[in-house]
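Observations on the three-dimensional arrangement
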Amino acid sequence: MHIDNFASGDSLLHRLDPRVKIIAAMFFSVIVAVADRPLCLAAAICFSLALLLIARLSIREVLLRLLAVNAFIFFLWLFLPFTYGGEKLFSLGPLTATREGIIYVFQITVKSNAIVVALIALLGTTPIITLGHALGHLRVPSKLIHLLFFTVRYLQVLHLEYDRLRAAMRIRAFRPGTNLHTYRSLAYLIGMLLVKSFDRAERIRKAMLCRGFHGEFYLLSHFELERIDLVMFLIMMVVVGGMASLQWIILK
Amino acid sequence: MDNPEVIIDLKSVSFGYDGNQSQRPVLHALNFRVRRGDRVGLIGPNGSGKTTLFHLLMGLLQPTQGEIVVFGKKRQHEKDFREVREKIGLLFQDSDDQLFCPTVAEDVAFGPLNLGKSQEEALEITRQLLRSLALEEFENRLTYKLSGGEKRLISLATVLAMKPEVLVLDEPTTGLDEDTVERLIQILTSSNLTYVIASHNRDFLSKTTDIFYHLGGGKVERRPNISAIRQVC
């Protein structure tokens, strides 16, 4: 399980009030997602890398995460340059790559990486449970937060259940191959997981009813905004605001 | 009458699951009574209906026939059982079903908050209870990172936090090591709660309970002592 991989640490970003981090991450992501000017995107990459340095995370771990993200983007590089209309750059047999297409994919690559790095540095450095509580204090509907909590809590349980089922298959010499037996067995495995999850959900509901649950959830963690939090918040807002002005205000 | 008050009274209760092909009900015209102060041990083979019996008692399942009287009142609808659930605490067989909050403190506080306590009161109850069970170090631990034994003890704490009058424990010793079982015995015997325990662990039952019932064939029967059940299952 890879939950909370980056959450342990003692950097400035680890100690920062999670509410500050959530708000900064939100503004940053939205602005980067809609920006297209090179200067703004360059600033975004610099800001992300700066955050990464402050968070002092294992570069290897971060690169592994980015590899996963860029595996998806790789497919965009295969298709977009040849399907996006614009000025012809080169031809590959019947396919024509356009200048605009390449610029577009390049932008997507830069944006995605900048956002993912910033999210790892800002949100990854917060334990997911703390993140949930912070969202609660930011007035996110409690149903959504409890969906998050239940997911985190029972992902672990389901994962263990899956491991047990897989182990049970393996000790009876199951080796996956390309045949009907494999497909059928894996379908049974998935079906069994679904049935078990359904049963478990029912038992959890019953256990909650036994403890007087009547639809109300309560938050117990509270946060205190300190001076360093305010300072960091202002700095990040100024940077993000600067990026926005690079995109929309400053003309050539 | 000299006898203490009857707090749980199941009268001729029957129950069968819909999907049961054999058509034979799990519980058949079962009578079961618990008086205040009773410490009841329930033994029965797998699938004999121990969990079903407990779920009927808590109103999680509805009997097909018969009457459930708890604290002197007939309980029929979901609303009737709310009071039952405040006064009877059920410890589930699988602690993963019971612990659903991210942290131990939140899980223990969940019950008291549902009973209308303020956050401060709920936290106070939580801290006090964890201290009295020597579990205070767990307060801020994440529930999904606890070991099996720790999960069981914390689950018990979540039930005790509601200050129930009766405890119902469904196979509390399954998968626990001797030390944890010992702790469980200690917690139970030092409390003055009324409780009903379903278990296959005879040693545990003989240390914690003094009234023994055998559940089988859809009925419960009282036995004079635990060894009288030994031959049956």
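Residues numbered from 1 in each chain as written. Chains lettered and ligands numbered in written order. Predicted model: local features only at pLDDT ≥ 70, side-chain atom pairs only at ≥ 80, totals over all residues. Heavy atoms only, no water.

A few points about the packing of aromatic side chains
- In the structure shown here, the tally under the stated rule is 10 aromatic pairs over all chains.
- Each member of the aromatic cluster is reached from another via a ring pair, and the members are Phe150, Tyr154 and Phe213 of chain A together with Phe100 and Phe110 of chain B.
- If you follow arginine 153 of chain A out to its NZ or CZ, it ends over the ring of tyrosine 154 of chain A, 4.8 Å from the centre.
- Positioned above the aromatic ring of phenylalanine 71 of chain B, the side-chain terminus of lysine 87 of chain B is 5.0 Å from the ring centre. (Phe/Tyr/Trp six-rings, centres within 6.5 Å; stacked < 30°, edge-to-face > 60°. Lys NZ or Arg CZ within 6 Å of the ring centre and 35° of its normal.)

With respect to the sheet that holds strand S7 (residues 166–170) of chain B
All names here are of chain B.
- Spatial ordering of the open sheet is given by S6-S7-S8-S3-S9-S10, a layout of six strands whose pairing is mixed. Edge positions in the sheet fall to strand S6 (88–91) and strand S10 (219–223), since each has one partner strand and no second. For this sheet, the mean inter-axis angle between neighbouring strands, taken without regard to orientation, is 20 degrees.
- Pairing analysis gives four bridges linking S6 to S7, with the strands arranged parallel. Each bridged residue has a counterpart across the sheet, and for leucine 90 the counterpart in S7 is valine 168. (Pairing = 2+ DSSP bridges. Helix = DSSP H or I, 4+ residues; strand = E, 2+ residues; numbered from the N terminus. Axes fitted to C-alpha atoms, helices over the stretch in contact; angles between N-to-C directions.)

Things to note about the interface of chain A and chain B
- On the chain B side, the residues contacting the 29 residues of chain A number 33 residues.
- Buried area between chain A and chain B, both sides added, is near 2800 Å², and the carbon and sulfur share of it is 61%.
- Its largest share of buried area at the contact with chain B, chain A owes to Arg153, Arg211 and Leu220 of chain A, together 31% of the area lost on that side.
- Applying the counting rule to chain A against chain B returns five salt bridges.
- Between aspartate 94 of chain B and arginine 200 of chain A there is a salt bridge, with the nearest N and O atoms lying 3.2 Å from each other.
- Across the chain A-chain B interface, the total number found is 13 residue pairs in polar contact (both at pLDDT 80 or more).
- Breaking the side of chain A that touches chain B down by element, the ones donating at least two residues are helix H6 (128–137), helix H7 (142–170) and helix H8 (180–210) of chain A.
- For the side of chain A that touches chain B, the element with the most residues is H8 of chain A, which contributes eight residues. (Contact = heavy atoms within 4.5 Å. Buried area = accessible area lost by both parts, 1.4 Å probe. Salt bridge = Lys/Arg side-chain N within 4 Å of Asp/Glu carboxyl O. Polar contact = N/O pair within 3.5 Å; in protein donor to acceptor, adjacent residues only side chain to side chain.)

A word on the domain arrangement of chain A
Residue and element names in this part refer to chain A.
- By domain assignment, chain A separates into domain 1 (12–134 + 224–248) and domain 2 (139–210).
- Of note, the centres of domain 1 and domain 2, computed from C-alpha atoms alone, are 33 Å apart.
- Listed as interface residues are four residues of domain 1 and, on the opposing side, four residues of domain 2.
- In total, about 370 Å² of surface goes out of reach between domain 1 and domain 2, with carbon and sulfur atoms giving 85% of it.
- The three residues of domain 1 that bury the most area against domain 2 are Ile128, Ile129 and Gly132, which together make up 86% of that side's buried surface.
- The interface formed by domain 1 and domain 2 contains zero salt bridges.
- For the interface between domain 1 and domain 2, the tally reads zero residue pairs in polar contact (both at pLDDT 80 or more). (Domains from an automatic or database assignment.)

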